[in-house]
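Okay, here's what each chain looks like letter by letter:
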Amino acid sequence: MSEISKEYVIMNNTNYEAIVMTEIDSIAFTTSDVSIQDAVEKFSNVTELEVAGEDLKPYGIYKNLTFTSATIDSNNLVTIKFHIVNYLEQRIAKLETTQAEQDIAISKLAFGGEE
């Protein structure tokens with residue numbers, strides 16, 4: 001029987017030994033290297049990560065991430081999940097931001113305020 005090779009998730013110049021799981025629109029990893037509290041604090045603003053093998057050379061780079069959840073199981077393993085924001089979601093978010101900015105500008109011109 002062959003030995004399972006280790007995988008590492010690299011974020012903010014830190015390596016976390018992990019089991020990595022990917023789906024079409026998400027990436028998750030399970031690790032014992034962090035507590036659930038630390039996971040939420042450290043990863044809630046992460047937008048990019050890399051996945052590497054034992055040699056720590058990345059073979060996967062994931063960008064445009066949004067933190068989705070952190071859970072802990074009965075073995076104290078923490079699973080962190082990120083949504084991979086696709087191109088259409090990025091465009092919609094940009095349009096919504098632009099629309100809000102336009103609404104404020106129109107309000108200022110029309111009413112002299114932001115209402």
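Structure: see above.
Here is a short report on the structure shown in this document. Everything quoted here is computed from the prediction, not taken from an experiment.

## Some points on the overall build of the protein
And then number 1: Looking only at helices and strands, one finds two helices and seven strands in the protein.
And then number 2: Listing the helices and strands of the protein from first to last along the sequence gives β-β-β-α-β-β-β-β-α.
And then number 3: Over its C-alpha atoms the protein spans a radius of gyration of 19 Å, topping by over 25% the 13 Å that the globule rule assigns to 115 residues.
And then number 4: Taken over 115 residues, the protein has a buried fraction of 25%.
And then number 5: Residue pairs at least 24 apart in sequence account for 45% of intrachain contacts in the protein once pairs closer than 6 positions are excluded.
And then number 6: Summing over all exposed atoms, the protein offers an accessible surface of approximately 8200 Å²; the carbon and sulfur share of this is 52%.
And then number 7: On the protein, the mean spot of the 8 positive side-chain charges and the mean spot of the 19 negative ones are 7 Å from each other.

## A look at the side chain of Ser 26
And then number 1: Position of Ser 26 among the secondary structure elements: in strand β3 (residues 26–31).
And then number 2: When neighbours within four sequence positions are excluded, Ser 26 is seen to be in contact with Met 21, Lys 81, Phe 82, His 83 and Ile 84.

## Regarding the sheet that holds strand β2 (residues 14–23)
And then number 1: Taken in spatial order, the seven strands line up as β5-β4-β1-β2-β3-β7-β6 in an open sheet, and their pairing is antiparallel. Of all strands in the sheet, those bounded by a partner on one side alone are β5 (58–63) and β6 (65–72). Sheet twist, expressed as the average angle between the axes of neighbouring strands with direction ignored, equals 35 degrees.
And then number 2: Sheet topology places β6 next to strand β7 (residues 78–84); seven bridges connect them, and they run antiparallel. Each residue of the ladder has a partner; that of Phe 67, found in β7, is Phe 82.
And then number 3: Sheet strands touched by helix α1 (residues 36–43): β1 (7–11), β2, β3, β6 and β7. Its angle to β6, the strand with the most contacts, is close to 175 degrees.

The rules behind these values
- Residues numbered from 1 in each chain as written.
- Predicted model: local features only at pLDDT ≥ 70, side-chain atom pairs only at ≥ 80, totals over all residues.
- Heavy atoms only, no water.
- Helix = DSSP H or I, 4+ residues; strand = E, 2+ residues; numbered from the N terminus.
- Rg over C-alpha atoms; globule rule 2.2 N^0.38 Å.
- Buried < 20%, exposed > 50% of the residue type's maximum accessible area, 1.4 Å probe, protein only.
- Contact = heavy atoms within 4.5 Å.
- Areas by Shrake-Rupley, 256 points an atom, 1.4 Å probe, with all protein chains shown as cover.
- Lys, Arg positive; Asp, Glu negative; His and termini not counted.
- Charge placed at Lys NZ, Arg CZ, Asp CG, Glu CD.
- Pairing = 2+ DSSP bridges.
- Axes fitted to C-alpha atoms, helices over the stretch in contact; angles between N-to-C directions.

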